[in-house]
Each structure stands twice: as C-alpha cells, then as structure tokens.
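# Structural features, examined
Below are the chains, spelled out letter by letter.
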Amino acid sequence: MKTMESVRLISGSAHPQFAELLSKGMNIELSKCESKHFLNGETSVILGESVRSASVYIIQPTCSPNVNDNIMELLVLVDAVRRASSKHITAVIPFFGYGKQNKKEKSREPITGKLIANLIETSGVDRVISMDLEASQIQGFFNIPVDNLYAEPLIVKYIEKHYKHLGEKVVISPAVDGVKRAKLVSDKLNCDLAILDRQTKGDKEDMILVGDVSGKVAIIIGSIADTCETLALSAKILKSKGATNVFALVSHGELSGNAIETLNNSELEELVITNSIPQTEKSKQCPKLKIINVTPMFCEALKRIIHGESITAASSKFVIL
Amino acid sequence: MSNNRLVILHGNAHPKLSKEIASCLNTEVGNALVSKFANSETQVIINESVRDVDLYIVQPTCNPSVNDYLMELLVMVDGAKRASAHRITAVVPFFGYARQSKKDKSRAPITCKLVANMMEAAGIDRVITMDLHSSQIQGFFNIPVENVYTEPLFVKYIKKKKKTEFLNQEFVIVSPGVGGVKRAKAISDKLESELAIIHRANKEMSLSLSSSFSFDIEETVLVGDVTGKIAIIIDDIADTCKTLKLASKALIKKGAIKVYALVTHGVFSNNAIDIINDSSITELVITDSIPNEHNKEKCPKLKIISIASVLSETMRRCHHGESVTSISK
C-alpha cells in the first residue's frame, strides 16, 4: 500500500482557494511553488521543494479570465515536476477550458478541446482528474486515464435540502444537448422533466418549452453558466409559462462578460454553481449566486486513486459537508 | 514545382508583417477569423478552403500576450489540419520562451522544449524562425526548423552607414555578453573590422577590486579597444535594455565616440523605452520581428529594419523545394 508521505499537492495560481481546501481535506501541506510572469509575458515557475519519486497532483482549472495563461502555467508546472524526477503526475482540472469546443460545427474549424488534450499529454501528465466535462467523449481525446467526476449527486442533495419546502418540482434542460444530465436529476428527485428547445427565427433567438411547468418550481440543470443570457431567457419563458419559482443549478460558473448584470436583472431566483472556478469577487456582486463546495468529492477521489481503489463508488456515497 | 497552392494566414500578433510578406510574394493574406470568446478562450474560423494547400501561418509568439499568441498559432494549426491542408509551416519570427531553454536551477522546467513539443502536437510540419536565442533549440523539434539569420541585413545596414555617416571613422563590433560573441564575430569578419566584448564581472572579481573603482568598472569589463572608434553593439534580444544601457555607458567611458546597437528582436518589456532614451546609445536598430511601430513615437533613436523580404524569400524557396542556405550569400 502506498503511503501518503510520497504524495505532493501543487497549486497553480488559477484557483489557490480550491487547492487550500483540498490540502486541508487530504491533510497534506501544499508544496512550495511560485508561478509568475516575466516582464515580457512569459510564464515562469519555480518549485521550492523536492518532488523526487513523489506522486504529484497539480491543481489548476483552465478557466477564465486568462484561459491561455492558465493552460500554459499548468503545462510548465508539469514540465518542471517531470524534470525534477517525480514518479507520477496527475493534473487536477476541476474545470476543463475549451471543453465546449469539442466538435467541428462548421467546416475548417479546429477541435480545440482535442488540441488541449494533446498538449496536456505532451507535457508529461500521466492522469487527469476533471469534473463534469462538457461532453463525456472528451475522455476519449486523451490516451491517458481520465477520471470525470460528477457534481450531480451534490446538486441533487442541494435541491433536496434547500428546495424541499417549495412544492412540486420540474427539472428543466435549457438545451437539447443536456437532456441526459437533466433526466438523471429528475429521476433522482422523482419529478417531471421539461425541455427548452432553442430556435432561431430570422435574427431573433427564441425558445420553445416542451412539457408543463404550470404551478411548479422550475429547476434548470446545466453544465456551464457563461454569459448567462440563455439562463435569463429560460427563466423569463418559464415564468411566462406559469412556473412559480425558477432556480438554476450549474456545474461550472464562468460568468463572463455581463453575466452578473444579466443575472441580477433576470427572473432567476437563485443560481447555484460549484467552486470549480474561483468566484470570490462575483459572488459579492450577485446575492442570487450560491456556491457548492466540491473539494470533498475531489478529496475522496484523490484518496481512492492513491490507494488504488474504485472511483465509481465514491459518487453514490457522497454527502455535503 | 509543387502543385499545392501557397496560402498565408496570420493570428493577431503581427498582421502587418503578414501583409508585407504576402506583398513580396505577389499574393494576398488568406481569410481567417481569430478572436476570443467572452470567457477568454481562443476562437478560430478559417473562411476559405485550405484543402491541399501549402499553408504558412505567420505568428511571432511575443509580448504582451505570449500565451495567447501561442494558443492562437496552435488552434489555427489544428483547424487547418482538420481542413485537409497539405503542409503547415509556422513562421515564427520571434520565438517566445526561447531563453527558457535550459535548466538553470534544480527543479526548473525547460519551457522552450515544452513549447516545441506543443507545436508538434498541434500538427506543424515545419518551422521558420529568426535568430533563435540558441541554435540548439532546433534540436528540440523533430520537424525541420529553418533558423533565418539577420546577419546579412545587419551587414548591409552597417555598410550603408559606413558610406553615409561613418565615412572614414573606424568602427568596432561589440558583443554585450559572452553568449553572443559568435554572432558578433560573424559580423565583424564580414566587415573586416575589430571585435570587442563586454561582460559582467563575476562576484569573485568584484570582491578583488579596490573600492576606488567606479560602479561601472565593477560591473562591466571591456575586452578589446574602442578608443576613438564607433562602437556597434550586436545582440539578439532587447528586452529590459538595462544591459544595453550599461554597455553603452561603459563603451563611451572607454573612449568610444559613438555607440550604435543592432538587435534582432525588440521585446522592450516594462520601461525599456525610457531606459533607451536615457542611455548613451546614438541609434538602436531592430527588425520588425515583433511589432514596434508604437514605440517609434516614444523613442526617436529607434530604427526598424523590415524582415518581410527575407522571410518571403525563405517561404518561396521552401514552397518550391529550393535551397534556403544560399539566401545568406
């Protein structure tokens, strides 16, 4: 059995709060590491302590506001750790940037999600741990093991805990792509499912509701909240169709551009996201924003990986701390 | 003669250079959209067919957004690869991360090698670059790398200066560090002039000097003679420009009547322009491997040489399968 003494946790600069929480949960100090930019914009990293023969876990979501800088920092950290004679390198990527760019929508487009996967392997990563990849097929972009954790059990428990008193519920998928995810939640909650189907009429974008929300609490389940315009439009339509309340539970909160303003002005009552992406500033600007802590799930996953145990069983056992 | 059509695309780092190269080749830049989504992810759409073409993507990976420009290059290559381009050549006049090419401390990365691996992983077939910081970087790649030299451009420039400004005045080629002596010597040989070296004294030497010496003498040591001559500094990168300022000050102190500097890549990070303006340098000549038009206004000493003709000739020869070496003659 492997000992915890040969495990090192290293944090990039994208999300130090996540790494701190993980460090506490694992009862392992973060290894010293300094990341910075040279004056000319190049990324530079210095490892402050030995990682020789260690199993190293590098924690870095590749998220906004500087996706490309965060990716580069992850790759440079991996290179440094590999050249420092580590035994095994795992990239812990709570949010996988470029995940939405996973197929050719038009001719002559890149598949940048696949490119990023290639770059991560090229740098020397042995394993990836991520959460709620935009498409499960992204695991197949890699030639190395990818553990895709799911926030769904935590989301279900959040709904059961916080929305129990609100009456009859209906789970909403805001797009046809995400129906599968929404159905998992509606099955667990034993309630109805409805779909908002995006339609483009001329210049105007519109949504058609498939299903019934009259007199019910509408719970939107999504994977990424970016500009939040879709969420705002969804909430508006659901209200007009008779929903009593509208909540949204989304795995990743990118909240780009005018997202906060859009949220504050929307008919959405609450937007629940996880802490896969740092949100300190934005959560202050938006009282509707609630954050689920997923580090206990990552902590459990890391422990099982270290001890060579099954990951699958982890999800079903999980309780919000 | 290749049947594959030559197409040039560019990212956002240096569109002006791409247009100049295309002009030299009597063609136009291809149509591609390279932008950013709201969440700062890079987006690329190639708006014309690149099927079976010989594609050249022009993109220095330079400041202020090294990582963004690198990502643009990689994403463009991925898009072109999936659109059935016959061959993809990355034209990278300035290679970012080139100075991070060795482990200078324990537990350091070799980021330049990582970048080379990234470029190959994206699907690049060939690289054309200019005055790599160290030639060994070519060995980081498993694909052909054409390292084009600015030496002929600099030699030509100095010869022209010799006729117009230097006249009968003697000049000496100076390397501002031990690392660049080879480059400086190549130019001094071509011009049949003398060579001098400025290097920083190490700490042991500093400690042995008496306190009566001035700061500059403690910091810099001149090997060679510049008395009564025009000193021409040759270097590959002007970044913070502190070394250039220190070197020019030392050269004037040692009797040089004027100091010129010819540098391939004008990175100019932080307050480099202010440092140049305050320095003893009469003229700083750089190429346009990195866009610097905005700095010309702030610094009258700054002169920019175009590399479009050299790069376009290299591309033409690559396209037609001709020798690249003879460009330098």
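These numbers come from a predicted model, not from an experiment. Along each chain, residue indices are assigned from 1 in the same order as the chain's sequence is written. For naming, the first written chain is A and the first written ligand is 1, with later ones following in the order written. Given that the model is predicted, a residue must reach a pLDDT of at least 70 before its local features are reported, and side-chain atom pairs must reach 80 or more before they are shown or counted; all residues, however, enter totals for whole chains, interfaces and linings. Side-chain metrics rest on all non-hydrogen atoms present in the structure, leaving aside hydrogens and water.

## Examining helix H7 (residues 229–240) of chain A
All names here are of chain A. Between the first and last C-alpha of H7 there are 17 Å, a value that for twelve residues agrees with the 16 Å anticipated at 1.5 Å per step. For H7, the set of buried residues is Leu231, Ala232, Ser234, Ala235, Ile237 and Leu238. Strands are runs of DSSP state E lasting at least two residues, helices are runs of H or I lasting at least four, and both sets are numbered from the N terminus onward. Gly242 occupies a position one or two residues after H7 and carries a positive phi of about 105 degrees. A helix is expected to span 1.5 Å multiplied by its residue count minus one. Only protein chains enter the calculation, and the probe is 1.4 Å; a residue is then buried if its accessible area is under 20% of its type maximum, exposed if over 50%, and partly exposed in between.

## Let's talk about the confidence of the model for chain A
Confidence of the predictor in every single residue is expressed as pLDDT, which spans 0 to 100. In this model, chain A carries an average pLDDT of 88, and 93% of its residues clear a pLDDT of 70 or more. When checking whether two residues touch, look at their non-hydrogen atoms; a contact exists if any pair is within 4.5 Å. Per-residue pLDDT stays below 50 along residues 316–321 of chain A; that stretch engages in eleven contacts with residues further than four places along the chain or on separate chains.

## Here we look at the confidence of the model for chain B
With 92% of its residues at a pLDDT of 70 or more, chain B shows a mean pLDDT of 88. Low pLDDT (under 50) marks residues 203–218 of chain B, which in the prediction has 14 contacts with non-local residues, meaning those over four places away or in another chain.

## Brief notes about the environment of Ser107 of chain A
Residue and element names in this part refer to chain A. Along the chain, Ser107 turns up in the loop between strand S5 (88–93) and helix H3 (112–123). Taking the relative accessible area as the measure of exposure, Ser107 reaches 48% and is therefore partly exposed. Between the C-alpha atoms of Ser107 and Ile224, which are 117 residues apart in sequence, the distance is 25 Å.

## Some words on the domain arrangement of chain A
A common way to state how big an interface is: give the accessible area lost once the parts meet. All names here are of chain A. Throughout, the edges of the domains are those of an automatic or database domain assignment. Splitting chain A by domain gives domain 1 (4–149) and domain 2 (152–292). On a C-alpha basis, the centroid separation for the pair domain 1 and domain 2 is 29 Å. Taken together, the 15 residues of domain 1 in the interface contact 14 residues of domain 2. Buried surface at the junction of domain 1 and domain 2, both sides included, amounts to about 1,200 Å², of which 52% is carbon and sulfur. Per-residue buried area on domain 1 facing domain 2 is highest for Phe95, Lys100 and Asp132; these three make up 39% of the total on that side. When a carboxyl oxygen of Asp or Glu is within 4 Å of a side-chain nitrogen of Lys or Arg, the pair counts as a salt bridge. Inspection of the region where domain 1 meets domain 2 yields two salt bridges. Here Lys100 and Glu254 are joined by a salt bridge, their closest N and O atoms 3.6 Å apart. Classifying every residue of the side of domain 1 that touches domain 2 gives nine nonpolar, three polar and three charged. We define buried area as the total accessible area lost by two parts upon association, computed with a 1.4 Å probe and summed across both. Amino acids are sorted into nonpolar (Ala, Val, Leu, Ile, Met, Phe, Trp, Tyr, Cys and Pro), charged (Asp, Glu, Lys and Arg) and polar (every other residue, Gly among them).

## Things to note about the sheet that holds strand S5 (residues 87–92) of chain B
Sheets are built from strands that pair by backbone hydrogen bonding, the pairs being arranged parallel or antiparallel. Residue and element names in this part refer to chain B. Pairing within the open sheet is parallel, and its five strands lie in the order S1-S4-S5-S6-S7. A strand with exactly one partner marks an edge of an open sheet, and here the two such strands are strand S1 (6–10) and strand S7 (145–148). Ignoring which end each strand starts from, the neighbouring axes of this sheet average 20 degrees apart. Note: S1 against strand S4 (residues 54–58), five bridges, orientation parallel. Bridge assignment links Ile8 to a residue of S4, and that residue is Tyr56. Between N-to-C directions, angles span 0 to 180 degrees; the directions come from axes that are lines fitted to C-alpha atoms, helices contributing only their stretch in contact. Seen against the sheet, helix H2 (residues 66–82) touches S1, S4 and S5 and runs at an angle of roughly 165 degrees to S5. Pairing between strands requires that DSSP locate at least two bridges from one strand to the other.

## Digging into unusual backbone geometry
Excluding glycine, residues mostly carry a negative phi; peptide bonds, for their part, are mostly trans. Cis geometry is found at the peptide bond from Ser64 of chain A to Pro65 of chain A, where omega equals 15 degrees. Within the secondary structure, Pro65 of chain A sits in the loop between strand S4 (55–59) and helix H2 (67–83). Put simply, Asn63 of chain B and Pro64 of chain B share a cis peptide bond, and its omega is 10 degrees. Mapped onto the elements of the fold, Pro64 of chain B is located in the loop between S4 and H2.

## A closer look at empty space enclosed by the protein
Residue and element names in this part refer to chain A. Grid points spaced at 1 Å over the protein atoms alone were grouped into cavities, where a 1.4 Å probe fits but cannot get out, and pockets, open sets with protein on both sides within 12 Å along at least five of seven lines, with lining residues defined by an atom within 4 Å of a point. Grid points are joined across faces, edges and corners, and a volume is the space filled by probe spheres set on the points. Using the criterion set out here, one finds three cavities of 30 Å³ or more in the structure. By volume, the largest cavity is sized at about 40 Å³. Lining the largest cavity, in full, are Phe95, Phe96, Gly99, Met131, Asp132, Leu133, Glu134, Ile224 and His252. Across the lining of the largest cavity, the residue classes tally to five nonpolar, two polar and two charged.

## Notes on the packing of H3 of chain A against H2 of chain B
Taken N-terminus to C-terminus, the directions of H3 of chain A and H2 of chain B make an angle of 115 degrees; their axes are 10 Å apart at the nearest point. Along this stretch, H3 of chain A crosses H2 of chain B, giving a crossing that reads as right-handed. Seen from H3 of chain A, the contacting residues are Thr112, Lys114, Leu115, Ile116 and Leu119 of chain A; seen from H2 of chain B, they are Met71, Leu74, Val75, Asp78 and Arg82 of chain B. Partitioning the contact of H3 of chain A with H2 of chain B into residue classes produces six nonpolar, one polar and three charged. When the near helix sits turned anticlockwise from the far one by under a right angle, the crossing is termed left-handed; a clockwise turn instead gives a right-handed crossing.

## Section: the UniProt feature "binding site: Mg(2+)" in chain A
All names here are of chain A. UniProt positions are given in the numbering used here, feature names are shortened, and annotations may be inferred rather than shown by experiment. In the UniProt entry, the feature "binding site: Mg(2+)" is given for Asp132 and Asp147. Spanning 16 residues, the annotated positions come together in the fold, the maximum distance between their C-alpha atoms being 10.0 Å. None of the other annotated residues line the largest cavity; only Asp132 do. Checked against the element boundaries, Asp132 lands in the loop between strand S6 (127–131) and helix H4 (138–141).

## Some thoughts on the environment of Pro291 of chain B
Residue and element names in this part refer to chain B. Relative to the helices and strands, Pro291 is located in the loop between strand S13 (283–287) and helix H10 (293–298). Judged by relative accessible area, which is 28%, Pro291 ranks as partly exposed. Each residue touching Pro291, except ones within four places of it in the same chain, is listed here: Ala13, His14 and Cys62.

## A short note on the nonpolar core
The nonpolar side chains of soluble globular proteins are, as a tendency, buried together. Definition used in this section: a nonpolar core is a set of buried Ala, Val, Leu, Ile, Met, Phe, Trp, Tyr and Cys residues joined via side-chain atoms within 4.5 Å. Core analysis: the biggest nonpolar cluster contains 79 residues, and Ile58, Ile120 and Phe142 of chain A together with Phe95, Met119 and Phe141 of chain B have the highest contact counts within it. A total of ten residues in this core trace back to one element, the largest contributor, which is H2 of chain A. With residues up to four places along the chain from it excluded, the contact list for Phe95 of chain B reads Thr61, Cys112, Val115, Met119, Thr129, Leu132 and Phe141 of chain B. Within the second largest apolar cluster, 40 residues are counted, among which are Phe18, Ile59, Leu302 and Ile305 of chain A.

## A few points about H2 of chain B
Residue and element names in this part refer to chain B. Relative to the 24 Å expected for 17 residues at 1.5 Å per residue, H2 spans 25 Å between its end C-alpha atoms, a close match to the ideal helical length. Along H2, 15 of the 17 residues are buried, which leaves the element largely enclosed by surrounding structure. Trailing H2 by a residue or two, Ser84 shows a phi angle of about 70 degrees, which is positive.

## Quick notes on the interface of chain A and chain B
Contacts between the two partners involve 53 residues from chain A, matched on the other side by 50 residues from chain B. Carbon and sulfur atoms make up 58% of the area that chain A and chain B hide from each other, which totals about 4,000 Å². Between the two partners, chain A and chain B, sit zero salt bridges. Polar contacts, as counted here, are pairs of nitrogen or oxygen atoms within 3.5 Å of one another; within protein the pair requires one atom able to donate a hydrogen and one able to accept it, and residues that are adjacent in sequence qualify only if both atoms are side-chain atoms. Our enumeration of links across chain A and chain B arrives at 24 residue pairs in polar contact (both at pLDDT 80 or more). Elements supplying a minimum of two residues to the side of chain A that touches chain B: strand S3 (43–47), H2 and H3 of chain A. Looking at the side of chain A that touches chain B element by element, the count peaks at ten residues for H2 of chain A. Of the residues assigned to the side of chain A that touches chain B, the class counts are 20 nonpolar, 20 polar and 13 charged.

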